[in-house]
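What follows is the residue order along each chain.
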Number of protein chains: 2
Amino acid sequence: MNASRTARERVRVELTREITEIARRQLATEGAAGLSLRAVAREMGMVSSAIYRYFPSRDDLLTALIVDGYNAIGEAVERADAACARDDHNGRWLAVCRAVRGWALAHPHEYALLYGSPVPGYQAPQDTVGPAIRDTVVYGKIISDARDAGVLNPPDICPPPPPSFTADADRLRAVMMPEVSDDVVSRAIIAWTGVFGIVNFELFGQFNNVVENRADLFDHNVTVLGRLIGLPG
Amino acid sequence: MNASRTARERVRVELTREITEIARRQLATEGAAGLSLRAVAREMGMVSSAIYRYFPSRDDLLTALIVDGYNAIGEAVERADAACARDDHNGRWLAVCRAVRGWALAHPHEYALLYGSPVPGYQAPQDTVGPAIRDTVVYGKIISDARDAGVLNPPDICPPPPPSFTADADRLRAVMMPEVSDDVVSRAIIAWTGVFGIVNFELFGQFNNVVENRADLFDHNVTVLGRLIGLPG
DNA sequence: AACGAACGAGAGCACTGCTCTTGACACGGT
DNA sequence: ACCGTGTCAAGAGCAGTGCTCTCGTTCGTT
């Protein structure tokens, strides 16, 4: 009963996996807008309507790809972080940033799906928030580790964040970087959004004809952002 | 002869303008993917094929919208900058950043078209580079003005950029911020990409359920980035 | 063995961008 | 004043899309 039921289920999960796999390959080559249910079905030797047995709509297939993407970049970031000595906070920061950029360059269309313009008419369901913050959690851990080790030394170059920020900072402290001051949380946001800002500019074409030596500049800029948070050199 | 020819021409430019106008409105409500030539034609009481007399393809219409968008945000930035006292470099910086964010929030789909994921299969023609850097030119002027006034004082918190950056810095110096050091150019890139990184996170949903007090935090973060460049407080 | 749920195939709807042909109109030179 | 020429909108049509519905079949449970 369970065995047979699993047999049926097994075919189902296998086909579901194959659909997402083909879809991901299409996504990688054609981009999100070029993702076609019919093309996926064609490649599977199925008829288009059969896909709807597995994904009720194109958006649901997209959601699956998005979740996969978040997990993929999250895993890449986790691996990069894990390869560093725990107390080498600066090295971990650089490794994590490089992992983000590296994954983005290797999977530009998937990255665009995650961090680019939202697909019109598509609303990310709640299931995506978990995988969506895997990378950010790693990032927060580096900062709170540095703080715990007493090596976090943010340079005194700017006023403190506004009091209204405390509520937001509380939320972030609860999830990923406990005991860190409002000031450092705000710097962390600047640095993290800054990293993605650079990657976006590079990937979405704003650096074209402007910045060519991108890897070197990325490393340097990310180092500066690390210093801004207070990571030791 | 000229008058009549101009009459013809006048109808043509008028219709072209009307097409882009309707298209922009559709873009604003539906997003780039929802922009449909047929829908535009329908709204104009024309048949779809007639549109092709004015725009040879959907991509060309998109290009027109992109150029318009770059000009719009560029103009918004220019106006914000012009409203400040010339020697209030910090105020100009804040005003320019707010203008970017304000325009992005007011025209999310157009902003996504400019700074979000590139439209698949669409390659920006060379005509777009001029309008594309209007905002950045203003931004560079603020920094070089501050430098000329001798008030630029970047905090010494990080190593200098790598020597390989000089070639890229030369390019930027030539276009928008002459006589500025490699170090400051690199900081300028960090700040400028950082601003768009924050706006992207806010607009593309990464701040959802995380950061709520966005205007305040934006002002503060942008101020910090200004300090990083060396703008006086 | 029998019933019901799950499934693939196929036709069909409304839509898209785009092409091609056709007929109407206005313009400019004779 | 007329007639070629170029411009234009209209319409049909092609290939493709997401999605729905129906129809047999097949599989799993009772």
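Residues numbered from 1 in each chain as written. Chains lettered and ligands numbered in written order. Predicted model: local features only at pLDDT ≥ 70, side-chain atom pairs only at ≥ 80, totals over all residues. Heavy atoms only, no water.

Draft legend 1. A look at the overall build of chain A. From N to C terminus, chain A includes 11 helices and zero strands. Along chain A, helices (α) and strands (β) appear in the sequence α-α-α-α-α-α-α-α-α-α-α when read from the amino end. When the backbone C-alpha atoms are referred to their principal axes, chain A occupies close to 65 × 50 × 35 Å. Evaluated residue by residue, chain A yields a buried proportion of 52% over its 233 residues. For chain A, the share of sequence-separated contacts (at least 6 apart) that also reach a separation of at least 24 residues comes to 71%. Entry remark: accessible area of chain A is about 10400 Å², with carbon and sulfur atoms responsible for 52%. Averaged over its 24 positive side-chain charges, chain A has a centre that lies 7 Å from the centre of its 29 negative ones. (Helix = DSSP H or I, 4+ residues; strand = E, 2+ residues; numbered from the N terminus. Buried < 20%, exposed > 50% of the residue type's maximum accessible area, 1.4 Å probe, protein only. Contact = heavy atoms within 4.5 Å. Areas by Shrake-Rupley, 256 points an atom, 1.4 Å probe, with all protein chains shown as cover. Lys, Arg positive; Asp, Glu negative; His and termini not counted. Charge placed at Lys NZ, Arg CZ, Asp CG, Glu CD.)

Draft legend 2. The arrangement of the UniProt feature "DNA-binding region" (unreviewed entry) in chain A in detail. According to UniProt, the positions carrying the feature "DNA-binding region" (unreviewed entry) are residues 36-55 of chain A. Structurally, residues 36-55 of chain A is divided into 60% helix and 0% strand, and its ends, taken at the C-alpha atoms, are 13 Å apart. (UniProt positions renumbered as here; feature names shortened; annotations may be inferred.)

Draft legend 3. A nonpolar patch on the surface, seen in detail. Together, Ile133, Val137 and Val175 of chain A make up an exposed nonpolar region whose accessible area comes to about 210 Å². You can call Ile133 of chain A partly exposed: its relative accessible area is 33%. (Patch = residues over 30% accessible without salt bridge, like charges linked within 9 Å, V, L, I, M, F, W, Y side chains within 5 Å. Salt bridge = Lys/Arg side-chain N within 4 Å of Asp/Glu carboxyl O.)

Draft legend 4. A look at the side chain of Arg92 of chain B. Among the secondary structure elements, Arg92 of chain B is positioned in helix H5 (residues 89-106). Once residues within four sequence positions are removed from consideration, Arg92 of chain B is found in contact with Asp81, Cys84, Ala85, Arg86, Lys141, Ile142 and Asp145 of chain B.

Draft legend 5. How the structure looks around the relation of the copies chain B and chain A. You can overlay chain B on chain A at an RMSD of 0.1 Å; the transform is a turn of 180° with a shift of 0.0 Å along its axis. The symmetry that links the two subunits is that of a two-fold axis. Interface overlap between copies is the fraction of interface residues in one copy that are interface residues in the other; for chain B against chain A it reaches 100%, indicating a shared surface. (Least-squares fit on C-alpha atoms with pLDDT ≥ 70 in both.)

Draft legend 6. Structural detail: the UniProt feature "domain: HTH tetR-type" (unreviewed entry) in chain A. On the UniProt side, "domain: HTH tetR-type" (unreviewed entry) is annotated at positions that read residues 13-73 of chain A here. Helix makes up 75% of residues 13-73 of chain A and strand 0%, with an end-to-end C-alpha separation of 23 Å.

Draft legend 7. Molecular detail of the interface of chain B and chain A. Every contact between the two is made by 51 residues of chain B and, on the other side, 51 residues of chain A. Connecting chain B to chain A are zero salt bridges. Here chain B is connected to chain A by 19 residue pairs in polar contact (both at pLDDT 80 or more). Elements supplying a minimum of two residues to the side of chain B that touches chain A: helix H6 (108-115), helix H9 (166-175), helix H10 (182-203) and helix H11 (214-229) of chain B. Of the residues belonging to the side of chain B that touches chain A, the class tally is 30 nonpolar, 15 polar and six charged. (Polar contact = N/O pair within 3.5 Å; in protein donor to acceptor, adjacent residues only side chain to side chain. Nonpolar A, V, L, I, M, F, W, Y, C, P; charged D, E, K, R; others polar.)

Draft legend 8. Looking closely at the packing of helix H4 (residues 58-82) of chain B against H5 of chain B. Residues and elements named next belong to chain B. Running from N to C, H4 and H5 point in directions that differ by 145°, and their axes come no closer than 8 Å. For the crossing formed where H4 meets H5, the hand is right-handed. Contact residues: H4 offers Gly69, Ala72, Ile73, Ala76, Val77, Ala80 and Asp81, while H5 offers Arg92, Ala95, Val96, Ala99, Val100 and Trp103. In terms of residue class, the contact of H4 with H5 is made up of 10 nonpolar, one polar and two charged. (Axes fitted to C-alpha atoms, helices over the stretch in contact; angles between N-to-C directions. Left-handed = near helix turned anticlockwise from the far one by under 90°.)

Draft legend 9. Representation of the pattern of salt bridges. For the structure on display, the rule yields 35 salt bridges over all chains. Put simply, Asp81, Arg86, Arg92, Lys141 and Asp145 of chain A are held in one network by salt bridges that share partners.

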